[in-house]
Amino acid sequence: GGVVGLTHGGAPYSVRFHRELLLEGRLAASPLHFSESVPNAPAGNAAIASQARGPVHTLIGEEPVGAQSVDLAAGLLRSGRIARCLVAATEEWSEVVTRAYAQIDRARRQGPAAGPPPLSEGAAALVLELASAAARRGAAARAVLAGWSLGRCRGGGMEEAMASAVRDAFGSAGRAAVEADHILPPSGRFRPEAIRAWVAVRGAAVAPAAWLDLGRAAGNPVGASNLLQLAASAALMAAGRVNGPGLVLSAGVTGTLSAVVLCRASGAGP
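Source: prediction; values computed, not measured.

(A) Looking closely at the overall build of the chain. Along the backbone of the chain there are nine helices and nine strands. Along the first, second and third principal axes, the C-alpha set of the chain runs to 65 × 50 × 30 Å. Every one of the 270 residues in the chain was classed for burial, and the buried ones make up 44%. By sequence separation, contacts in the chain at least 24 residues apart represent 79% of the contacts at least 6 residues apart. Total accessible area computed for the chain in this model is approximately 13300 Å², and 55% of it derives from carbon and sulfur atoms.

And the structure:
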């Protein structure tokens, strides 16, 4: 099976197609181009490339769409409908989209220094399966997705909503928040709120965890950002560069949020 998460879909392609239509006339509006502009085109292409025979889904959301995709894949795995699931996310930079976000930031009176990292592009893919299934085929997992929480902040209480998600994620993982070894903050908006939420949950008396900020290096690829965070945490743990558990935090412009706990590949779960 497969799950693909994205935010803006084929917006850049649609803009280019519209420009060609204006410059070249209606004969340039070939129906053959339509399949590449619809939001579920990446999922269909990925299913064909990986020869997926099970269910294939497209989720459209903000930065936390990566965790939402993981949640959907976990449900498919636990139901027995599939044995393995390709979870991918992709985002292409678009001038039109970038201008739209800039208008949102200006409307919120955020100056350049207070704004989020610049929009960027990227892609990431994970193969998820139950630990028991991986053991049966002798596969070596890079990490275990031990627990996660999805939510949405309605109003101005993002810090409290994120703190609640962190507690829920560690609770579902059966681990204590003070055990966290490294934290990946949101690569987009609400970064300060997420950081304060983590400090409030962990407490000042405990030694701080390492901060791994992908936003400083890769900007914010929106729909691909959360899955890139998960992949980075898993890869670093597998390479012995960090210890677990790791906490991945994500938040979107409309208040969607997620918290995911990853552990070393020694426990049960997808």
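Having seen the structure, we can now continue with the description.
(B) Here's a closer look at unusual backbone geometry. The omega torsion of the bond from Gly-244 to Pro-245 falls at -5°, within 30 degrees of zero and hence cis. If you check the backbone angles, Gln-51 has positive phi at about 55° while not being a glycine. Topologically, Gln-51 is positioned in the loop between helix H2 (41–50) and strand E2 (56–60). Gln-51 sits in the exposed class, given a relative accessible area of 56%. Positive phi values are uncommon outside glycine, yet Phe-190 reaches one of about 65°. Positionally, Phe-190 belongs in the loop between strand E6 (182–184) and helix H7 (191–202).

(C) Inspection of the sheet that holds strand E1 (residues 2–6) at higher detail. Strand order in the open sheet formed by four strands is E2-E1-E3-E4, and the pairing between neighbours is mixed. Where the open sheet ends on each side, the last strands, each with one partner, are E2 and strand E4 (122–128). Neighbour-to-neighbour, the strand axes of the sheet open up by a mean angle of 15°, direction not taken into account. Contacts from H2 reach E1, E2 and strand E3 (85–91), with the element oriented near 150° to E2. The strands touched by helix H3 (residues 65–78) within the sheet are E1, E2, E3 and E4, with E1 carrying the most contacts at an inclination of about 165°.

(D) Quick peek at the nonpolar core. Core analysis: the biggest nonpolar cluster contains 28 residues, and Val-70, Leu-128, Leu-145, Leu-227, Leu-230, Val-260 and Leu-262 have the highest contact counts within it. Among the elements of the structure, H3, E3, E4, strand E5 (144–152), helix H9 (225–238) and strand E9 (256–263) are those that each provide at least two residues to this core. At six residues, H3 tops the list of elements feeding residues into this core. Among all residues touching Leu-128, those that are not within four sequence positions of it are Val-70, Ala-73, Leu-77, Ala-83, Arg-84, Cys-85, Val-87 and Leu-145. By size, the runner-up hydrophobic cluster in this structure holds 26 residues, among which are Ala-161, Ala-165, Ala-259 and Val-261.

(E) Representation of the sheet that holds E6. Strand order in the open sheet formed by five strands is E5-E9-E8-E6-E7, with mixed pairing between adjacent strands. What marks the edges here is a single partner per strand, and that holds for E5 and strand E7 (210–211). Helix H6 (residues 158–173) rests against E5, strand E8 (246–251) and E9 of the sheet, and its axis sits at about 30° to E9. Most of the contacts of H9 go to E8, to which it runs at about 170°, and overall it touches E5, E6, E8 and E9.

(F) Molecular detail of the environment of Arg-152. Within the secondary structure layout, Arg-152 lies in strand E5. The class of Arg-152 is partly exposed, set by a relative accessible area of 45%. Arg-152 has contacts with Thr-254, Gly-255, Thr-256 and Leu-257, leaving out every residue within four places of it along the chain. A polar contact of 3.2 Å, which involves the side chain of Arg-152, links it to the side chain of Thr-254.

(G) Just the pattern of salt bridges, in detail. Evaluation of the coordinates by the stated rule reveals seven salt bridges. Taking the shortest distance from any N to any O, the salt bridge between Glu-92 and Arg-16 comes out at 3.4 Å. Of this pair, Glu-92 sits in the loop between E3 and helix H4 (95–107) while Arg-16 sits in helix H1 (residues 11–24), and the two are 76 residues apart along the sequence. Judged by its relative accessible area of 38%, Arg-16 falls in the partly exposed class.

(H) Local environment of the side chain of Asp-213. Structurally, the position occupied by Asp-213 is in the loop between E7 and helix H8 (214–218). For Asp-213, the side chain forms a polar contact with the main-chain nitrogen of Gly-215, separated by 3.0 Å.

Cut-offs and rules
- Residues numbered from 1 in each chain as written.
- Predicted model: local features only at pLDDT ≥ 70, side-chain atom pairs only at ≥ 80, totals over all residues.
- Heavy atoms only, no water.
- Helix = DSSP H or I, 4+ residues; strand = E, 2+ residues; numbered from the N terminus.
- Buried < 20%, exposed > 50% of the residue type's maximum accessible area, 1.4 Å probe, protein only.
- Contact = heavy atoms within 4.5 Å.
- Areas by Shrake-Rupley, 256 points an atom, 1.4 Å probe, with all protein chains shown as cover.
- Pairing = 2+ DSSP bridges.
- Axes fitted to C-alpha atoms, helices over the stretch in contact; angles between N-to-C directions.
- Core = buried A, V, L, I, M, F, W, Y, C linked by side-chain atoms within 4.5 Å.
- Polar contact = N/O pair within 3.5 Å; in protein donor to acceptor, adjacent residues only side chain to side chain.
- Salt bridge = Lys/Arg side-chain N within 4 Å of Asp/Glu carboxyl O.

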